[in-house]
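What follows is each chain in one-letter form.
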Amino acid sequence: NAGVMQNPRHLVRRRGQEARLRCSPMKGHSHVYWYRQLPEEGLKFMVYLQKENIIDESGMPKERFSAEFPKEGPSILRIQQVVRGDSAAYFCASSPHYRDEQFFGPGTRLTVL
Amino acid sequence: AQTVTQSQPEMSVQEAETVTLSCTYDTSESDYYLFWYKQPPSRQMILVIRQEAYKQQNATENRFSVNFQKAAKSFSLKISDSQLGDAAMYFCALLNSGGGADGLTFGKGTHLIIQP
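> Even after reading the chapter, I still don't get unusual backbone geometry, so can you show me in this structure?
In terms of backbone geometry, most residues other than glycine have negative phi values and most peptide bonds are trans. Of note, the amide linkage connecting A:Asn7 to A:Pro8 takes the cis form, showing an omega dihedral of -5°. For A:Pro8, the location among the structural elements is in the loop between strand E1 (5–7) and strand E2 (10–13). At B:Arg43, a position not held by glycine, the phi torsion is positive, near 75°. Looking at the secondary structure, you find B:Arg43 in the loop between strand E5 (32–39) and strand E6 (46–52). Classification of B:Arg43 by relative accessible area gives partly exposed; the value is 25%. A positive phi angle, near 55°, is found at B:Lys73, a position not held by glycine. Take B:Lys73: it is sitting in the loop between strand E8 (64–69) and strand E9 (74–79).

Here is the structure:
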């Protein structure tokens, strides 16, 4: 059973560009979470999605950030008009049930020039 | 809102010795889960151990064990017979079973150094 997959592993964008981060959960997992890790910090929860639904986006910045988890395909975290402060590692996790153990992907390191 | 505090930014231990990492938390919920995650230089988050708050017995996984004190809201991790491969950042995390945010709440981490 393959683990949580994230791609790309590294992404470089210039200020003002868009960043798209992809996450494929573990097989059989329908719950997906996105976290952001700034340098020297712990992970911060951003958003929780189930298939086709955003359940909890309490940690998501109100502007420029959006997430989706379509019926088919991976979950996408989209950051529009990136700024230098968006540079961070973005982790995706999945779980088989609500409020259950979460399995993490390897992360995407976003660098904004 | 729930919080998780790790008061030790860095800890160092001799190989084969025992080390304890501290974690305190705050939540208004009565039912929750606590976790310790390890993050080596590869940055992959690896689950080390988990504890359900309703269980009084402390969780144990091989060389890793916890001291869970619910009344004190304390959840420390003990690593016995430390090995070089244990060197990593360790994060304590909380997940409420019912209310509050649906995601994990993490502490800022403790950097564990293993001295050969």
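> How do you make sense of the sheet that holds E1(A) when you look at a structure like this?
Paired through their backbone hydrogen bonds, the strands of a sheet run either parallel or antiparallel. All names here are of chain A. Overall, antiparallel pairing links the 4 strands, which are arranged E1-E3-E8-E7 in an open sheet. Single-partner strands in this sheet number two, and they are E1 and strand E7 (65–68). On average, each strand axis in the sheet is inclined to that of its neighbour by 15°, with strand direction left out of account.

> Please explain the interface of chain B and chain A as it appears in this structure.
Put simply, an interface is often sized by how much accessible area is lost when its parts join up. Taken together, the contact between chain B and chain A spans 24 residues of the former and 23 residues of the latter. Interface area for chain B against chain A, summed over the two sides, is near 1,900 Å², with a carbon-plus-sulfur share of 47%. The largest per-residue losses of area from chain B upon contact with chain A belong to B:Arg43, B:Asp102 and B:Phe106, which jointly make up 32% of the total buried on that side. The tally of links between chain B and chain A comes to 4 salt bridges. We note a salt bridge from A:Arg99 to B:Asp102, for which the minimum N-O separation is 2.8 Å. Applying the counting rule to chain B against chain A returns 11 residue pairs in polar contact (both at pLDDT 80 or more). When contributions to the side of chain B that touches chain A are tallied by element, the ones reaching two or more residues are E5, E6 and strand E10 (88–96) of chain B. If one sorts the elements of the side of chain B that touches chain A by residue count, E5(B) sits on top with 4 residues.

> What is the right way to look at the pattern of salt bridges in this model?
Close approach of charged atoms allows side chains with opposite charge to pair. A complete count under the given rule lists 12 salt bridges over all chains for this structure. For the salt bridge of B:Lys108 with A:Glu41, the shortest nitrogen-to-oxygen distance reads 3.9 Å. Of the two residues, B:Lys108 is situated in the loop between strand E11 (105–106) and strand E12 (110–115) and A:Glu41 in the loop between strand E4 (31–37) and strand E5 (43–50); the pairing between them involves two chains.

> In this structure, what is going on with the nonpolar core? I would like to understand it.
Most often, soluble globular proteins keep nonpolar side chains buried together rather than apart. Residue and element names in this part refer to chain B. Membership of the largest hydrophobic core comes to 25 residues, with the highest contact counts inside it found for Trp 36, Phe 75, Leu 77, Tyr 90 and Leu 112. Of all the secondary structure elements, the ones that give two or more residues to this core are strand E3 (19–21), E5, E6, E8, E9, E10 and E12. With 4 residues, the single largest contributor to this core is E10. Discounting chain neighbours no more than four positions away, the residues touching Tyr 90 are Gln 6, Leu 21, Trp 36, Tyr 37, Lys 38, Val 48, Phe 64, Leu 77, Ile 79, Gly 109, Thr 110 and Leu 112.

Conventions we followed
Residues numbered from 1 in each chain as written. Chains lettered and ligands numbered in written order. Predicted model: local features only at pLDDT ≥ 70, side-chain atom pairs only at ≥ 80, totals over all residues. Heavy atoms only, no water. Helix = DSSP H or I, 4+ residues; strand = E, 2+ residues; numbered from the N terminus. Buried < 20%, exposed > 50% of the residue type's maximum accessible area, 1.4 Å probe, protein only. Pairing = 2+ DSSP bridges. Axes fitted to C-alpha atoms, helices over the stretch in contact; angles between N-to-C directions. Contact = heavy atoms within 4.5 Å. Buried area = accessible area lost by both parts, 1.4 Å probe. Salt bridge = Lys/Arg side-chain N within 4 Å of Asp/Glu carboxyl O. Polar contact = N/O pair within 3.5 Å; in protein donor to acceptor, adjacent residues only side chain to side chain. Core = buried A, V, L, I, M, F, W, Y, C linked by side-chain atoms within 4.5 Å.

Limitation: the analysis is restricted to geometry and does not speak to function.
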